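The lines below spell out each chain.
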Amino acid sequence: MSDVTATSTAADYLVRAENVSRMYPDGHVTALVDVSLAVRRGQYTAIVGPSGGGKSTLLNLLGALDVPTSGRVLFEEQPLSATADLDRLRARKIGFVFQSFHLLPTLTALENVQIPMFEGPRLSASQRASKAGQLLVAVGLSHRATHLPKQMSVGERQRTAIARALANDPMLLLADEPTGNLDSQVGGEILDLFDRLHRDRSMTLIVITHSAEIARRAQQIITLRDGRIVSNESVADFLSDADATTVE
Ligand SMILES: Nc1ncnc2c1ncn2[C@@H]1O[C@H](COP(=O)(O)OP(=O)(O)O)[C@@H](O)[C@H]1O
Ligand SMILES: [Mg+2]
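Parameters at a glance
Residues numbered from 1 in each chain as written. Chains lettered and ligands numbered in written order. Predicted model: local features only at pLDDT ≥ 70, side-chain atom pairs only at ≥ 80, totals over all residues. Helix = DSSP H or I, 4+ residues; strand = E, 2+ residues; numbered from the N terminus. Rg over C-alpha atoms; globule rule 2.2 N^0.38 Å. Buried ≥ 20, exposed ≤ 12 C-beta atoms within 10 Å, placed from the backbone. Contact = placed C-beta atoms within 7 Å. Pairing = 2+ DSSP bridges. Axes fitted to C-alpha atoms, helices over the stretch in contact; angles between N-to-C directions. Domains from an automatic or database assignment. Nonpolar A, V, L, I, M, F, W, Y, C, P; charged D, E, K, R; others polar. Near = placed C-beta within 6 Å.

**Overview of the overall build of the protein**
Now for step 1: Per the secondary structure count, the protein includes eight helices and ten strands.
Now for step 2: Over its C-alpha atoms the protein spans a radius of gyration of 18 Å, differing by no more than 12% from the 18 Å that the globule rule assigns to 248 residues.
Now for step 3: For the protein, the C-alpha atoms occupy an extent of roughly 50 × 50 × 45 Å along the three principal directions.
Now for step 4: Taking all 248 residues of the protein together, the buried fraction comes to 42%.
Now for step 5: In the protein, once contacts between residues fewer than 6 apart in sequence are set aside, the share between residues at least 24 apart is 69%.

Rendered as structure tokens:
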């Protein structure tokens, strides 16, 4: 891999989890147990594993949407627990993409993409619209700018949601089963878009998936089961293991 260097320093890490556990007291559920991982800047990480394994819980902790019961999460090597304004950090540095898009139904694509900009660096109305237009071009949707979500295909809705996640030029893009509501062809187009973001914008990506297709495109694959990391592999290892297990 081209980005592997002989010495890896702390500054190379964008986000890290150290011995993170998360209990949901209401259900007496321990969703994560002693999870540690590190994601380097520009790295593409996939999180895989069975339903209920703790994938969404982990993503929410890495994205500062939730706080661990024990352990800590560091963003740019700063503990989130010591970060005064998590809303601001999240709004300006992290983009989220969800399985069910979460677009506002009464707003056009161009308007939906601008929503996070109200929490970001100050822009005029025309600057916001212009930037949203550029983002729609980047996701291949310039011809749908004035469409409402219901006037778009599911794939176009997810592209709009991805453009919205990029509104404030985040360093980190988190996606929770982004192709879960899409057929395999449309899902493949979304994955191609993630590949382009990773390649052309050096975007750091953490994507939860059931799809071997995504895992194949990632550089680090973390498998969670019952709240624990059961493997953390580089792609080369993962594919050779998969080959080994499919030998007849
Ligand atoms: N808000 C919550 N309150 C109580 N239990 C939860 C909550 N969210 C998730 N869980 C439980 O935590 C475990 C992990 O869930 P989750 O992180 O959503 O897994 P995954 O995304 O891998 O399917 C599951 O047992 C789930 O039922
Ligand atoms: Mg989940």
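**Digging into the sheet that holds strand β3 (residues 44-48)**
Now for step 1: Spatial ordering of the open sheet is given by β6-β7-β8-β3-β9-β10, a layout of six strands whose pairing is mixed. At either end of the open sheet lies a strand with only one pairing partner, and these are β6 (94-98) and β10 (228-234). Across the sheet, the mean angle separating the axes of adjacent strands is 15° when strand polarity is ignored.
Now for step 2: Direction of pairing for β6 relative to strand β7 (residues 172-176): parallel, over a ladder of five bridges.

**Thoughts on the domain arrangement of the protein**
Now for step 1: For the protein, the assigned domains read domain 1 (13-83 + 173-248) and domain 2 (102-170).
Now for step 2: Domain 1 and domain 2 are separated by 25 Å when their C-alpha centres are compared.
Now for step 3: On the side of domain 2, eight residues touch domain 1, which itself brings eight residues to the contact.
Now for step 4: Looking at the side of domain 1 that touches domain 2, the element that brings in the most residues is helix α6 (residues 184-201), giving four residues.
Now for step 5: Residues belonging to the side of domain 1 that touches domain 2 are distributed by class as follows: six nonpolar, one polar and one charged.

**Topic: the site of ligand 1**
Now for step 1: In the neighbourhood of ligand 1, the contacting residues comprise Tyr24, Asp26, Gly27, Val29, Ala31, Ser51, Gly52, Gly53, Gly54, Lys55, Ser56 and Thr57.
Now for step 2: Secondary-structure elements contributing two or more residues to the shell around ligand 1 are β2 (29-40) and α1 (55-62).
Now for step 3: With three residues, α1 is the largest single contributor of residues to the shell around ligand 1.
Now for step 4: Here the shell around ligand 1 is composed, by residue class, of three nonpolar, seven polar and two charged.

**Looking at the environment of leucine 182**
Now for step 1: Among the structural elements, leucine 182 can be located in the loop between β7 and α6.
Now for step 2: With 112 residues separating them in the primary sequence, leucine 182 and serine 70 have C-alpha atoms 36 Å apart.
Now for step 3: When near neighbours in sequence (up to four residues on either side) are disregarded, leucine 182 contacts Val154, Gly155, Gln158, Gly187 and Ile190.

**Some remarks on the environment of leucine 172**
Now for step 1: Here leucine 172 is to be found in strand β7.
Now for step 2: Residue classification places leucine 172 among the buried positions, given that 22 C-beta atoms sit within 10 Å.
Now for step 3: Along the backbone, leucine 172 and serine 70 are 102 residues apart, and their C-alpha atoms lie at a distance of 23 Å.
Now for step 4: For leucine 172, the residues in contact, after removing those within four places along its chain, are Leu14, Val15, Lys93, Ile94 and Thr204.

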